[in-house]
Every structure is written in structure tokens, then in C-alpha cells.
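Take a look at the letters that make up each chain.
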Amino acid sequence: PSVGQTDTNELQKIIKSVKSDVMVFQEVVNADAFANLMAQALPSYRYNMSTCGGMGKQKIAIAYNPAIFEFVSQKEDFTFSGSGLDSACGSLRPVFLVTLRKKKTKETFVFAGI
């Protein structure tokens, strides 16, 4: 049975109510729709998206407030999906790692989306 499409209006409300400095989104299938959602819900935020979505083409996005954090790097770790560290995209989605640096303290954080 199909669960239907994402209710983007409801999702926008949730995102605006949470509005954390860093947010992880799973199962992003339509990158254009996600870009539109972010532009409406959190227009000042930036995000990075994984390139591999596995068999279901469900990518991971990590959004952040650029007033608080600066982007350092991103990487997809395939070891958790049963492949090597830098293997090609297979049936399972890899762990998506984004490294951000807090502007005020210069502390570095690695955020993971699974």
C-alpha cells in the first residue's frame, strides 16, 4: 500500500517550529521539491545532500544555519552499508557525514545522517 505524497505544508510547519541550527532529513527522493521546501521553510539556511540514495534513491540532507556554522566537508561512508569506505552506490544508502565549524568558537562537529 502507498503512503501517499509528503504533505509539504505540514512539513514546513514542523520545520519552522523546530528550527534547529542543524537538521537532518532522511528519504529525500525529489531534490527539486526539497530545495523548494527549504527555500520556503528556512530560506537563510544552507544544506548538503548525499549523492547515493541506495536502491530506493532516498538521499540524506543536512541543513544548517550559516550564521552559526560554516561548511567544512562532506563524505559518504559506505562501510555501514556493507561496502568499502569509498565504494560505489549500491543497494543500501551510506552514512552521510557533514563536518561543520561553529563560527563563534571554531569548534568542529561531524553530523551524521543514516
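One can find the structure itself at the top, above this paragraph.
Worth saying up front: this structure is predicted, and the values here are computed from it rather than measured.

Conventions adopted
Residues numbered from 1 in each chain as written. Predicted model: local features only at pLDDT ≥ 70, side-chain atom pairs only at ≥ 80, totals over all residues. Heavy atoms only, no water. Pairing = 2+ DSSP bridges. Helix = DSSP H or I, 4+ residues; strand = E, 2+ residues; numbered from the N terminus. Axes fitted to C-alpha atoms, helices over the stretch in contact; angles between N-to-C directions. Contact = heavy atoms within 4.5 Å. Buried < 20%, exposed > 50% of the residue type's maximum accessible area, 1.4 Å probe, protein only. Core = buried A, V, L, I, M, F, W, Y, C linked by side-chain atoms within 4.5 Å.

1. Topic: the sheet that holds strand β3 (residues 59-64)
Move 1: Taken together, three strands build an open sheet; the order of strands is β1-β3-β2 and the sheet is antiparallel. This sheet does not close on itself; its edge strands, each paired only once, are β1 (22-28) and β2 (46-49). When the angles between neighbouring strand axes are averaged without regard to direction, this sheet yields 20°.
Move 2: Pairing of β2 with β3 involves four bridges; the strand directions are antiparallel. Of the residues in β3, the one forming a bridge with Asn48 is Ile62.
Move 3: Its contacts with the sheet place helix α2 (residues 31-41) against β1, β2 and β3, and it is angled at close to 160° to β2.

2. A closer look at the environment of Phe25
Move 1: Position of Phe25 among the secondary structure elements: in strand β1.
Move 2: Under the relative-accessibility criterion, Phe25 is labelled buried at 12%.
Move 3: With 66 residues separating them along the chain, Phe25 and Ser91 place their C-alpha atoms 19 Å apart.
Move 4: The contact partners of Phe25, leaving out residues within four places of it in the chain, are Ile15, Phe34, Met38, Lys59, Ile60, Ala61 and Ala63.

3. Brief notes about the nonpolar core
Move 1: Core analysis: the biggest nonpolar cluster contains 13 residues, and Ile15, Phe25, Val28, Phe34, Met38, Leu42 and Ala61 have the highest contact counts within it.
Move 2: Of all the secondary-structure elements, those providing two or more residues to this core are β1, α2 and β3.
Move 3: Looking at this core element by element, the count peaks at four residues for α2.

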